[in-house]
Amino acid sequence: TKSKRSPRLHVDGAILGYKRGLRTQNSKISLIKIKGCDEKKDTSFYLGKKVAFITKAADGSFRVNWGKVCRSHGSNGVVRCAFGRNLPPQSIGGRVRIMMYPSHV
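None of these values were measured; they are calculated from a predicted model.

It is worth spelling out the overall build of the chain at this point. Each helix and strand counted, the chain has zero helices and six strands in total. Put simply, the chain runs from its N terminus to its C terminus through helices and strands in the order β-β-β-β-β-β. Along the longest, intermediate and shortest principal axes, the C-alpha atoms of the chain span 60 × 40 × 20 Å. Looking at the chain as a whole, 33% of its 105 residues qualify as buried. Pairs at least 24 residues apart make up 58% of the contacts formed inside the chain by residues separated by at least 6 positions. For the chain, the exposed area adds up to about 7500 Å²; of that, 51% sits on carbon and sulfur atoms. Within the chain, the 5 negative side-chain charges are centred at a point lying 6 Å from the centre of the 22 positive side-chain charges.

The next thing to look at is the pairing of strand β4 (residues 62-73). Across seven bridges, the pairing between strand β3 (residues 50-56) and β4 is antiparallel. By the bridge assignment, phenylalanine 53 is partnered in β4 with asparagine 65. The turn joining β3 and β4, which pair antiparallel and follow one another in sequence, is formed by five residues; a positive phi near 95° is taken by glycine 60. Sheet topology note: the β4/strand β5 (residues 78-83) ladder contains six bridges and is antiparallel. Within the sheet, the bridge partner assigned to glycine 67 lies in β5 and is phenylalanine 83. In sequence, β4 turns back onto β5 through a hairpin of four residues, with glycine 74 there showing a positive phi of about 80°.

The next thing to look at is the pattern of salt bridges. Between side chains of opposite charge, a pair can form as their charged atoms come close. On inspection of all chains with the given rule, the structure shows two salt bridges. For aspartate 38, the salt bridge is made with lysine 33, and the minimal N-O distance between the two is 3.3 Å. The partly exposed category is assigned to lysine 33, whose relative accessible area is 24%.

On to the side chain of serine 91, then. The residue serine 91 is located in the loop between β5 and β6 (95-99) in this model. A polar atom in the side chain of serine 91 sits 2.6 Å from the backbone oxygen of proline 88. Beyond its immediate sequence surroundings of up to four residues, serine 91 is in contact with Ile15 and Phe53.

With respect to the secondary-structure elements, aspartate 12 resides in strand β1 (residues 10-20). Residues aspartate 12 and lysine 40, spaced 28 residues apart in sequence, show a C-alpha to C-alpha distance of 17 Å.

Strand order in this closed barrel of six strands is β1-β2-β5-β4-β3-β6, and the pairing throughout is antiparallel. The sheet shows a mean angle of 45° between the axes of neighbouring strands, direction not considered. With two bridges joining them, β3 and β6 adopt antiparallel strand pairing. Its bridge partner lying in β6, alanine 52 is registered against arginine 97.

Thresholds applied
- Residues numbered from 1 in each chain as written.
- Predicted model: local features only at pLDDT ≥ 70, side-chain atom pairs only at ≥ 80, totals over all residues.
- Heavy atoms only, no water.
- Helix = DSSP H or I, 4+ residues; strand = E, 2+ residues; numbered from the N terminus.
- Buried < 20%, exposed > 50% of the residue type's maximum accessible area, 1.4 Å probe, protein only.
- Contact = heavy atoms within 4.5 Å.
- Areas by Shrake-Rupley, 256 points an atom, 1.4 Å probe, with all protein chains shown as cover.
- Lys, Arg positive; Asp, Glu negative; His and termini not counted.
- Charge placed at Lys NZ, Arg CZ, Asp CG, Glu CD.
- Pairing = 2+ DSSP bridges.
- Salt bridge = Lys/Arg side-chain N within 4 Å of Asp/Glu carboxyl O.
- Polar contact = N/O pair within 3.5 Å; in protein donor to acceptor, adjacent residues only side chain to side chain.
- Axes fitted to C-alpha atoms, helices over the stretch in contact; angles between N-to-C directions.

What follows is the structure, given as structure tokens:
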């Protein structure tokens, strides 16, 4: 007897930090490593996908900061994401969900 499971709608990712140069950093663009995405050519599938950073509020409800995958960064499967509200510094090292929609397949 197989149990019915809903399809997986997201892939996990880790927040690495902000886009930065030698002396400055741009907190508007966050760098995210996508699980299972290890080459630059793999990141092309995720371009334009929605990203969710989920936090728990004091009253027990959940809050979501939505963003979008803008472009790739480097050659190891890291992508640049822009969020509606910039991610706080405490989120570095945290988890995000990369949604499998919108899809152009």
